[in-house]
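Per-entry structural report
Here is how the chains run, residue by residue.
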Amino acid sequence: ISIRALGWFTLNVNVTDGNGDPVAGATVRLTGGKDETGITPAAREFTTDVNGNVTAKVLSIMTYTDSEYTITVSKNRYETVTNTFGWEDTQHGSTLTKDITIELQGPSNVEATPNQLFVGESTTISWDNAGGGVTYNVYVDGDKHNTSAISTNSYTISNLSYNMNPGHVVGVTAVYAEGESNV
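In this text, all values refer to a predicted model and were calculated from it rather than measured experimentally.

One can find Lys98 in strand E7 (residues 95–101). Owing to a relative accessible area of 17%, Lys98 belongs among the buried residues under this scheme. At a separation of 3.5 Å, a polar atom in the side chain of Lys98 contacts the side chain of Asn83. Those residues in contact with Lys98, other than ones at most four positions away along the chain, are Asn12, Val13, Asn14, Ile71, Asn83 and Phe85.

Here we take up the environment of Glu88. Turning to its location among the elements, Glu88 is positioned in the loop between strand E6 (81–86) and E7. Considering only alpha carbons, one finds Glu88 and Glu68, 20 residues apart in sequence, at a separation of 9.1 Å.

With that settled, the discussion passes to the sheet that holds strand E2 (residues 27–32). The strand order across the open sheet built from four strands is E3-E2-E5-E6, with neighbouring strands paired in antiparallel fashion. Strand pairing shows two members of the sheet lacking a second neighbour, strand E3 (44–47) and E6, which therefore form its edges. Between one strand axis and the next, the sheet turns through 20 degrees on average, direction left out of account. Examined bridge by bridge, E2 and strand E5 (residues 68–74) share six bridges and lie antiparallel to one another. The residue bridging Leu30 from the neighbouring strand is Ile71, located in E5.

Calculation notes
Just so you know, the residues in each chain are numbered from 1, in the order the chain's sequence is written. Whole-chain, interface and lining totals are the exception, using all residues; otherwise, since this is a predicted model, local features are given only for residues with pLDDT of at least 70 and side-chain atom pairs are given and counted only at 80 or more. Only heavy atoms go into the side-chain values, all of them from the structure, while hydrogens and water stay out. Secondary structure counts use DSSP, requiring at least four H or I residues in a row for a helix and at least two E residues in a row for a strand, with both numbered from the N terminus. The buried label applies to any residue whose accessible area, calculated with a 1.4 Å probe on protein chains only, is under 20% of its type's maximum; exposed applies above 50%, and partly exposed to all values in between. Residues adjacent in sequence count toward polar contacts only when both atoms are side-chain atoms; beyond that, a polar contact is any pair of N or O atoms within 3.5 Å, and within protein one must be able to donate a hydrogen and the other to accept it. In what follows, a contact means two residues having at least one pair of non-hydrogen atoms within 4.5 Å. When DSSP finds two or more bridges between a pair of strands, those strands are recorded as paired. To obtain each axis, a line is fitted to C-alpha atoms, and for helices this fit is confined to the stretch in contact; angles are then taken between N-to-C directions over 0 to 180 degrees.

Here it is in structure tokens:
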């Protein structure tokens with residue numbers, strides 16, 4: 001007869017956005033851990049509550065020192081975040097708390113055409129669509145340039161002042177019902 005030493009640990013995951021507000025409905029996926037035969041158990045998935053929290057009791061087949069666990073947090077319109085921790089954090093009866101921040105996704109493939117200008121010329125900034133129901137803001141040197149929400153995937157900037165060194169820094173954010181992404 002074979003006997004395995006089974007244990008458990010409590011996993012608390014607190015998911016917030018970049019403003020520190022809870023993110024409800026995020027998927028928290030736990031993978032990893034190994035038993036003495038090297039077998040990794042099936043992944044477990046949880047969903048954050050209205051306070052952005054998940055608390056779960058996780059069965060732990062007494063893991064070996066080379067075991068790692070990975071928490072992956074994802075939600076539509078947010079960047080996916082991965083956090084890895086070792087077996088030493090999952091001893092029988094222990095509580096492991098992970099505070100994880102996920103950010104709203106910004107537009108991708110932002111380009112300026114042309115990207116070198118003479119004073120008085122204009123440039124068009126373009127980007128890939130960040131999803132339905134999204135508007136955008138364009139920032140030049142940290143200041144919002146547009147006066148109203150942009151609903152297309154491009155914006156023309158005119159009359160930039162002379163700034164040869166270091167040049168102008170242009171960024172685009174996506175604005176969702178949940179808030180505005182980082183530049």
